[in-house]
Protein chains: 2
Amino acid sequence: MKEIVYTYSHLFNFAVVVFMKIGCSSKEAESAAKVLVSADLRGIDSHGVARLSGYIRLWDVHRVNSKPNIQIIHETPSTAVIDGDSGLGLVVAPFAMQVAIEKAKKVGTGWVSVQNSNHYGIAAAHAMMALEHDMVGISMTNASPLVVPTFSIQKMLGTNPICVAVPAGKQPPFVADLATTTAANGKLEILQRKNMNTPFGWVQDADGNASTDANILKKGGALLPLGGDREHGSHKGYALGAVVDIFSGLLSGANYAPWVPPFPAYVPLPEKQPGKGIGHFFGAMRVDAFRTVDDFKKDMDDWIEGFRNATPSPGNEKVLVPGDPEREMEAERLQHGIPLVPQVAEDLQKLAERFELTF
Amino acid sequence: MKEIVYTYSHLFNFAVVVFMKIGCSSKEAESAAKVLVSADLRGIDSHGVARLSGYIRLWDVHRVNSKPNIQIIHETPSTAVIDGDSGLGLVVAPFAMQVAIEKAKKVGTGWVSVQNSNHYGIAAAHAMMALEHDMVGISMTNASPLVVPTFSIQKMLGTNPICVAVPAGKQPPFVADLATTTAANGKLEILQRKNMNTPFGWVQDADGNASTDANILKKGGALLPLGGDREHGSHKGYALGAVVDIFSGLLSGANYAPWVPPFPAYVPLPEKQPGKGIGHFFGAMRVDAFRTVDDFKKDMDDWIEGFRNATPSPGNEKVLVPGDPEREMEAERLQHGIPLVPQVAEDLQKLAERFELTF
């Protein structure tokens, strides 16, 4: 399985052109491509160009609208609800995050819940938009049901990620981006390709038994909430995933719980659709709505240095700060390129042929 | 070990009088007692009257100010920073949550970070204040360092809980209240009393080895972040605890990371004190800042019913919604009383003697 390495700009430009081919404006295509390829840069390969053909298939079945009329349908000084008009989540989410940032400029914080959207890429891409404004950024989304609540064999929640991005001074920003499950689905896909098992605590089978089968989702199994089982706090991971669903789906009027539309275009929509599309939630908090930016950043630097210099446990080189691995990956891949597994490169090649492009 | 049962009003009234004996106004004593005994009602015995003498010992060593001048020191339309003036967290926190609620009434949401406070009881007591206003309530606090980050043997974070309370319609509210560790310290205390071991994944020893010793904290060991180890997502629990610390300690100018003051009065303060006291963070979001309250509550009822009716896994009777066990406990204890273990009853008896009261 030989990987082929592409430059960031090669993948970015290709994604821009593909999104324009389905009818996106050049501005929206660039916005979408930036979010998409940021996942590859940061090492979240499951959410990058590997998904490009999946987004296009959603457009094929008319579940993605490439010319959406994204609009605010309700607002207060610090909040908004946005109707994404079935647009690409990759386009709707940056729009919504920008609304949160504008609200924060005016009244200190901004909070935006989004209905009628689609898969939005990595949570971090949106939360990190706040950083250049000296704001804390928050981003979360619901997703189609792969996860069982504690004590359940019925899949009721998505992997429902949360990202919190916090600016620092001399230090790079703090960026925590986490699925509310023990392991995200992308981790299973990697093990599937390698024909390996999962550790216990990641998945259960269709009957609710502990399992280590990386292919268990295809056999009716489920991902487990962060914590794994009740004894190890899975009710907490379940509660966090539930909060993401409520903020994203119920505050906005999107679908929620097991009724969130699936990403694969060939999977039919659930019969019950209590809302519109999938839901996201964004927050922006101006640091200087609390303290001076200088005071805060001085403390953040001290905080980050304290953690990075904490005594590591045996066998570990150092203690990491959330965001460290992804930032190091980004620097590495900007310099040396982004490796794609052959399946993904072939998938992009097929897209190129379909749209009469060269990849 | 025979438990003795007391009525809610007996414990509440006793706590009110004790807080007045150290100089609290009757209003503040009642506010503090309400928060304190709500923990006993909800079954979080580690955070209820079992801690009353601990709060008094903090007053003995002048770390709690019973006549605080709690004030807003910085604000925007949607935010405030509050200086708790070393007051009881049990008093400062409801004050701060009320400020968040008032801000939400005006601009949709309110966000309050608090410095110079003390231990605030259970997170849920404050977040739930939002419910009667048809608001989502959020509450979190930092705490003294008992928890190691992933890959660390140095304790850098507290158990840093998060509570999110969401109103529903016919259904009772959703209330998720969780320490960002696999297990809270109170769970260890229960095992200590029973001379039992912890499961793997709760604690590690001073050298970073896996441990099942419920007394390991006294031997230099540490609690583990939710997830337990890296393979099971402990970096996510660590990141969540870190977010709580940043929102509570760094947005407010309180102490943070390993420098948060300890609860036991006999433990000296860390030499380095980068801020003031301990920090909390509160949020209130008006439901109707997003959708009509009726639409939202209808969906919340549907959501809750969906989860409660999900197919349980073998050996489990039903799937729970966050807040269910605590609410059932509260109903039970309001009717049949609150059982206290003999050590706690004796501790309260000693407090009664000290202040010439009857318990």
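Cut-offs and rules
Residues numbered from 1 in each chain as written. Chains lettered and ligands numbered in written order. Predicted model: local features only at pLDDT ≥ 70, side-chain atom pairs only at ≥ 80, totals over all residues. Helix = DSSP H or I, 4+ residues; strand = E, 2+ residues; numbered from the N terminus. Rg over C-alpha atoms; globule rule 2.2 N^0.38 Å. Buried ≥ 20, exposed ≤ 12 C-beta atoms within 10 Å, placed from the backbone. Contact = placed C-beta atoms within 7 Å. Pairing = 2+ DSSP bridges. Axes fitted to C-alpha atoms, helices over the stretch in contact; angles between N-to-C directions. Core = buried A, V, L, I, M, F, W, Y, C linked by C-beta atoms within 7 Å. Parallel < 35°, antiparallel > 145°, perpendicular 65-115°, else oblique. Nonpolar A, V, L, I, M, F, W, Y, C, P; charged D, E, K, R; others polar. Domains from an automatic or database assignment. Expected span 1.5 Å × (residues − 1). Arc of directions from axis to C-beta. Least-squares fit on C-alpha atoms with pLDDT ≥ 70 in both. pLDDT = per-residue confidence, 0-100.

Comments concerning the overall build of chain A
- Each helix and strand in chain A was counted, giving 10 helices and 12 strands.
- The C-alpha radius of gyration computed for chain A amounts to 20 Å, which stays within 12% of the reference 21 Å derived for 359 residues, consistent with globular compactness.
- Judged by the C-alpha coordinates and their principal axes, chain A covers about 50 × 50 × 45 Å.
- Burial status across chain A gives 59% buried among its 359 residues.
- For chain A, the proportion of contacts with a sequence separation of at least 24, taken over those separated by at least 6, is 61%.

Overview of the sheet that holds strand β3 (residues 79–83) of chain B
Residue and element names in this part refer to chain B.
- Overall, mixed pairing links the seven strands, which are arranged β2-β3-β4-β11-β5-β6-β7 in an open sheet. With one partner strand each, in any of the chains shown, β2 (71–76) and β7 (174–178) form the two edges of the open sheet. Direction aside, neighbouring strands of the sheet carry axes that sit 10 degrees apart on average.
- When strand β5 (residues 135–141) meets strand β6 (residues 162–166), the two strands line up antiparallel, connected through four bridges.

Regarding the nonpolar core
- Counting 248 residues, the largest nonpolar core has A15(A), A96(A), A15(B) and A96(B) as the members making the most contacts within it.
- When sequence neighbours within four positions are dropped, the list of residues in contact with A96(B) reads I82(B), V112(B), V114(B), H280(B) and F282(B).

Digging into the packing of helix α2 (residues 26–41) of chain B against helix α4 (residues 89–107) of chain B
Residue and element names in this part refer to chain B.
- The contact between α2 and α4 brings their axes to 8 Å, and the two run at 95 degrees. When the axis of α2 is compared with that of α4, the two are roughly perpendicular. Taking contact as the criterion, the partners of E28, S31, A32, V35 and L36 in α2 are, on α4, L90, V91 and P94.
- In the contact of α2 with α4, the residues fall into six nonpolar, one polar and one charged.

With respect to the pairing of strand β11 (residues 278–286) of chain B
All names here are of chain B.
- Of all nine residues in β11, nine are buried, a share of seventy percent or more.
- Alternating residues of β11 divide into I278, H280, F282, A284 and R286 and G279, F281, G283 and M285, and every residue in both groups is buried.
- Bridge count for strand β4 (residues 109–117) against β11 is seven bridges, and the pairing is antiparallel. When the sheet's bridge partners are listed, V112 is paired in β11 with F282.
- Pairing geometry for β5 and β11, over seven bridges, is antiparallel. The partner of T141 across the bridge, within β11, is H280.

Considering the sheet that holds strand β10 (residues 222–223) of chain B
- Strand order in the open sheet formed by three strands is β9-β8-β10 (chain B), and the pairing between neighbours is antiparallel. Of all the strands in the sheet, just β9 (210–211) and β10 of chain B have a single pairing partner and so form its edges.

Thoughts on the domain arrangement of chain A
Residues and elements named next belong to chain A.
- When its domains are assigned, chain A resolves into domain 1 (1–60 + 323–359), domain 2 (67–180 + 233–320) and domain 3 (183–223).
- Computed over C-alpha atoms, the centres of domain 2 and domain 3 are 25 Å apart.
- Class assignment of the residues belonging to the side of domain 2 that touches domain 3 gives a composition of five nonpolar, one polar and one charged.

What about the pairing of β7(B)?
All names here are of chain B.
- For β7, the buried fraction is high: five of the five residues fall into the buried class.
- Burial of β7 is two-sided: the residues F174, A176 and L178 facing one way and the residues V175 and D177 facing the other way are all buried.
- By the bridge criterion, five bridges tie β6 to β7 in an arrangement that is antiparallel. Bridge pairing in β7 links V166 to F174.

What about helix α10 (residues 342–354) of chain A?
Residues and elements named next belong to chain A.
- In this model, α10 (13 residues) spans 18 Å end to end at C-alpha, consistent with the 18 Å of a helix rising 1.5 Å per residue.
- Among the residues of α10, V344, L348 and L351 are the ones counted as buried. All buried residues of α10 project into a common sector of 55 degrees when viewed along the axis, lining one side. Of the residues in α10, the exposed ones pointing more than 90 degrees away from the buried face are P342, Q343, E346, K350 and E353.
- Among the structural elements, α1 (8–21), α3 (52–60) and β12 (338–340) are those in contact with the buried residues of α10.
- Phi turns positive, to about 55 degrees, at E356, one or two residues after α10.

A short note on the environment of V35(A)
Residues and elements named next belong to chain A.
- Considering the arrangement of structural elements, one finds V35 in helix α2 (residues 26–41).
- Residue classification places V35 among the buried residues on the basis of 25 C-beta atoms within 10 Å.
- Separated by 88 residues in the primary sequence, V35 and A123 have C-alpha atoms spaced 9.4 Å apart.

With respect to the environment of P173(A)
Residue and element names in this part refer to chain A.
- As for its placement among the helices and strands, P173 is situated in the loop between β6 (162–166) and β7 (174–178).
- On the basis of neighbour count, P173 is assigned to the buried category, with 22 C-beta atoms found within 10 Å.
- Sequence-wise, P173 and N197 are 24 residues apart; in three dimensions their C-alpha atoms are separated by 34 Å.
- The contacts of P173, once residues within four sequence positions are left out, are L131, A165, V166, P167, A168 and G323.

A look at the relation of the copies chain B and chain A
- When chain B is fitted to chain A, the residual RMSD is 0.0 Å, and the transformation amounts to a turn of 180 degrees plus an axial shift of 0.0 Å. Here the symmetry operator amounts to a two-fold rotation axis. Closest approach to the rotation axis among the C-alpha atoms of chain B is made by G227(B), whose C-alpha sits 2.4 Å away.
- A shared binding surface is used by both copies, with 100% of the interface residues of chain B retained as interface residues in chain A.

Details of the confidence of the model for chain A
- Overall, the predicted model of chain A reaches an average pLDDT of 97, with 100% of residues at or above 70.
- Listed scores for the predicted complex are pTM 0.98 and ipTM 0.98.

Points about unusual backbone geometry
All names here are of chain A.
- The backbone of N160 sits at a positive phi, close to 25 degrees, despite the residue not being glycine.
- One can find N160 in the loop between β5 (135–141) and β6.
- The backbone of A257 shows a phi angle near 50 degrees, a positive value even though the residue is not glycine.
- Relative to the assigned elements, A257 resides in the loop between α7 (234–250) and β11 (278–286).
- With 27 C-beta atoms counted inside 10 Å, the residue A257 sits in the buried group.

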